[in-house]
Each structure stands twice: as C-alpha cells, then as structure tokens.
Number of protein chains: 2
Amino acid sequence: MHFEVEQKHRVDDPGELVTQLTERGVIVGPPIVQADRYFAHPARDYAQTDEALRIRTVGEASFVTYKGPKLDTTTKTRRELELPLAETDADGSQFAELLAALGFKPVATVRKTRREFRIAHDGRDIHGALDTVDGVGTFVELELSADDASLEAARRVIATSADQLELGPSERRSYLEMLLAK
Amino acid sequence: MHFEVEQKHRVDDPGELVTQLTERGVIVGPPIVQADRYFAHPARDYAQTDEALRIRTVGEASFVTYKGPKLDTTTKTRRELELPLAETDADGSQFAELLAALGFKPVATVRKTRREFRIAHDGRDIHGALDTVDGVGTFVELELSADDASLEAARRVIATSADQLELGPSERRSYLEMLLAK
C-alpha cells in the first residue's frame, strides 16, 4: 500500500527558516499563489466523513481534487483524485457553476503563498512547502511517500528532519479546519 | 427569454428519409458516434426532479452536461450547462471516477449514431439530427431557437416541416427514458 507521511508545523519566523534552509544548501522555490475553494456535499457532512472537495487555482490553471477519509489515525494516508480542468475553464468558474447546479455549496476559500523545496535526508527526498495562509498563519509541511516496508523509516526521517530544523509541535488540522475554527 | 423548440419523431425507414432530404437539397452529414453516460444524484431523484447529468464522449473528446428541469410543459426549455473535459481525460473516465467518489451512480449509457443536417424553412434554419439509438430505434429531431416573440412562429415552422417530411406522431420522452422503460 502507498502512504503519504506528512507533518505540518507552525513557523513563527519564516525569514529565519528560509535562511536556515539556504545555509544547508536547500533551494527554496519562488512564491506561488494557490487559491483552494472548498465545497460541501449536498447530502454528506464532509467535516464528519473526513472528505474534501476543492477547486485549486494556480496561475492560469485549475484542478479539481477529491480527498477521501484518512485510512488510519497515525498517518494521513487517504485516497486522492486530482483532475485538471479544461483550458477553457482556467479559473474554475464553469466547474464551480456545475457544482452549484449539482447541489454543492461553497464553504470557504483557502488562499496561500507557497514556496516549495526538497531536503535530501538519508538518501530520501523530502518534499517541503513553506505556506503563508491568509488568516491562518505560516506553516511548513514535510512529506515523504512510503510503502508498508518503508513506512516506519519514513516517519523517523520526517521526525528527525523536523528536529534538525528546530520546528515546534506538529499541527494535525488542515488549513481549512483552522480557517473555519477562527 | 431564450427557448429551444424541439420535436422528435420515430423513423421507420431511415434510408427513405435520407433520400427524401437529399432530393430536397438537404446535405445529411456523416455518421458520428456519441456515447452518453447518465448518472444518478446521491440525494435527489433526477427522474422526479426532471434533471439530468451526463458525460458525452464523441471521438477523442468528452463533455459533462447538466440539464435543469423543463421550465414549462409545452416547450422543452431548460437550463443547460456544458463543459469540455480536459484533453488528458478524452474518454471521461477520470471524471466518471470523480463522480463515483462524490456518490453519483451510473444509470445507463445511451449510444447513438447521429447524422446532422439543416433545413432552410421560411428564412429559418432548422437543426435536424437523424439518430439511430442502440436498443431504442431510429428518430429524427428537429430544433429551432426562439425568443418570446418568435416562439409561436418557431413552433409552426417545426410542425410544418415535420408534416412535409411526412413524419408520424411526435415522441416526448428522452432516449434515456425510452431505454430505461424497456
């Protein structure tokens, strides 16, 4: 089975973290603005079922993403479907209109500026993202793909890397949950 | 307000109709295969609400179409949303998988071979389609766009044209309804 091991930490001083990463030879990518519009299902309470449906718009392209419930409590493994929308629907507005016609209701929009990076660690390539989320704050996400055999090792690699970057306690809530909890 | 005036008639001898149209100078287009996959809503009975959601695949392209309830009983006017799917989803299979994840269930697939034509009539351009529908039969559809002022005239033009082609009684049911009624 395929897992995504993911940890998220609040960052108090993003400039300091970027400096620290750069000094370690990590290239921190340019800021990319992402807008994620989340929708409520007409018959299921996605907050209860732990599902999510969103339209993500990045520059001149939009994607629709469905996330299934987390499959266990320790890792954030879940089914994920992502489809690009047609080029004629670059801002996702036509798809949003379709969702409305099908009875889906807009919940909230998570807007963030993301800078991506990679950290080589014990031969593994950790995917990192430094996210400044409107109304929520700045966070760093560390992520590694794993299978059954490598799951425990992946967890250790992520934890060690978070320690080395002197990150504080991890945050389990999604950006949408944090935004709605305000 | 914008209307689509539409009439559909069963055709017993398609070859005879094509000959008749050709003799009147009408160019009947090449056969195009269309497959329409219809889906049931997770919480609404579309047969009751008179809505429809389908993925249409024509050659190397797919579209998703939502049809709202008919707005009155005499004409078949309804809200219609149609979006092309991304080129990476030419057969619509990714979108079908997304619909399944959202709780939509496949109902039936209407497969037909369509030949399109236009009939000039009293300065109007009637859109015609000769459809051979798998498991349902062969039908001809005649359609004209109209607004409030031209609605009655459009109905007359369609009716006169159907008379001239010696078409039998009109069929009000959709191909999906006829397929499901079998």
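Computed from a predicted structure; not experimentally measured.

Rules behind the numbers
Residues numbered from 1 in each chain as written. Chains lettered and ligands numbered in written order. Predicted model: local features only at pLDDT ≥ 70, side-chain atom pairs only at ≥ 80, totals over all residues. Heavy atoms only, no water. Salt bridge = Lys/Arg side-chain N within 4 Å of Asp/Glu carboxyl O. Helix = DSSP H or I, 4+ residues; strand = E, 2+ residues; numbered from the N terminus. Buried < 20%, exposed > 50% of the residue type's maximum accessible area, 1.4 Å probe, protein only. Contact = heavy atoms within 4.5 Å. Buried area = accessible area lost by both parts, 1.4 Å probe. Polar contact = N/O pair within 3.5 Å; in protein donor to acceptor, adjacent residues only side chain to side chain. Nonpolar A, V, L, I, M, F, W, Y, C, P; charged D, E, K, R; others polar. Least-squares fit on C-alpha atoms with pLDDT ≥ 70 in both. Patch = residues over 30% accessible without salt bridge, like charges linked within 9 Å, V, L, I, M, F, W, Y side chains within 5 Å. Areas by Shrake-Rupley, 256 points an atom, 1.4 Å probe, with all protein chains shown as cover. Lys, Arg positive; Asp, Glu negative; His and termini not counted. Charge placed at Lys NZ, Arg CZ, Asp CG, Glu CD. pLDDT = per-residue confidence, 0-100. Phe/Tyr/Trp six-rings, centres within 6.5 Å; stacked < 30°, edge-to-face > 60°. Lys NZ or Arg CZ within 6 Å of the ring centre and 35° of its normal.

### With respect to the pattern of salt bridges
Here's step 1: Scanning the entire structure with this criterion turns up 24 salt bridges over all chains.
Here's step 2: The closest approach of N and O atoms between Asp36 of chain A and Arg56 of chain A, which form a salt bridge, is 2.8 Å. On the criterion of sequence distance, the pair formed by Asp36 of chain A in strand β2 (residues 32-40) and Arg56 of chain A in strand β3 (residues 52-58) is long-range, its members being 20 residues apart. For the pair shown, Asp36 of chain A and Arg56 of chain A are each scored as buried.
Here's step 3: Between Arg54 of chain B and Asp36 of chain B there is a salt bridge, with the nearest N and O atoms lying 4.0 Å from each other. Of this pair, Arg54 of chain B sits in strand β3 (residues 52-58) while Asp36 of chain B sits in strand β2 (residues 32-40), and the two are 18 residues apart along the sequence.
Here's step 4: One salt-bridge network, held together by shared partners, links Asp36, Arg54, Arg56, Glu82 and Lys112 of chain A.

### Description of the side chain of Arg54 of chain B
Here's step 1: Judged by its relative accessible area of 6%, Arg54 of chain B falls in the buried class.
Here's step 2: With residues up to four places along the chain from it excluded, the contact list for Arg54 of chain B reads Asp36, Arg37, Tyr38, Phe63, Val64, Thr65, Lys67 and Glu82 of chain B.

### Notes on the interface of chain A and chain B
Reports often express the size of an interface as the amount of accessible area lost when the parts come together.
Here's step 1: Across the boundary between the two partners, chain A contributes 26 residues, which contact 26 residues of chain B.
Here's step 2: With both sides pooled, the region where chain A packs onto chain B buries about 1,900 Å², and carbon together with sulfur makes up 71% of that total.
Here's step 3: The three residues of chain A that bury the most area against chain B are Leu83, Leu98 and Leu102 of chain A, which together make up 28% of that side's buried surface.
Here's step 4: Taken together, chain A and chain B are joined by 2 salt bridges.
Here's step 5: Where chain A packs against chain B, one counts 6 residue pairs in polar contact (both at pLDDT 80 or more).
Here's step 6: The set of elements that each furnish at least two residues to the side of chain A that touches chain B consists of β4 (61-70), β5 (78-84) and α3 (93-101) of chain A.
Here's step 7: For the side of chain A that touches chain B, the per-class residue count stands at 16 nonpolar, 4 polar and 6 charged.

### Some remarks on the relation of the copies chain A and chain B
Here's step 1: Of the transformation superimposing chain A on chain B, the axial component is 0.0 Å and the angular component is 179 degrees, with the fit at an RMSD of 0.1 Å. Read as a symmetry element, the transformation amounts to a two-fold axis. Residue Ala86 of chain A, judged by its C-alpha, is the member of chain A lying nearest the rotation axis, at 2.0 Å.
Here's step 2: Mapped onto chain B, 100% of the interface residues of chain A are again interface residues, and the two copies thus contact each other with one and the same surface.

### Describing a negative patch on the surface
Here's step 1: Taken together, Asp12, Asp13, Glu16, Glu23 and Glu166 of chain A make up a surface patch of like negative charges.
Here's step 2: With a relative accessible area of 75%, Asp12 of chain A lands in the exposed category.

### Some details on the confidence of the model for chain A
Residue and element names in this part refer to chain A.
Here's step 1: Averaged over chain A, the pLDDT score is 92; the fraction of residues at 70 or greater is 95%.
Here's step 2: Here strand β1 (residues 2-10) stands out as the least confident element of chain A, with mean pLDDT 85; β2 is the most confident, with 98.
Here's step 3: Reported confidences for the modelled complex are a pTM of 0.85 and an ipTM of 0.84.

### Quick notes on the packing of aromatic side chains
Here's step 1: Considering all chains together, one arrives at 3 aromatic pairs over all chains under this definition.
Here's step 2: Ring geometry for Phe95 of chain A and Phe95 of chain B: centres 6.0 Å apart, planes at 90 degrees, overall edge-to-face. Taken together, the positions of Phe95 of chain A in helix α3 and Phe95 of chain B in helix α3 (residues 93-101) put the pair across two chains. Each member of the pair, Phe95 of chain A as well as Phe95 of chain B, is classed as buried.
Here's step 3: Where Phe139 of chain B meets Tyr175 of chain B, the ring centres are 5.6 Å apart and the plane angle is 55 degrees; that geometry is what we call tilted. With Phe139 of chain B in strand β8 (residues 137-146) and Tyr175 of chain B in helix α5 (residues 175-181), this residue pair connects regions lying 36 residues apart in the sequence.
Here's step 4: Cation over ring: Lys8 of chain A sits above Tyr175 of chain A, and NZ or CZ is 4.5 Å from the ring centre.

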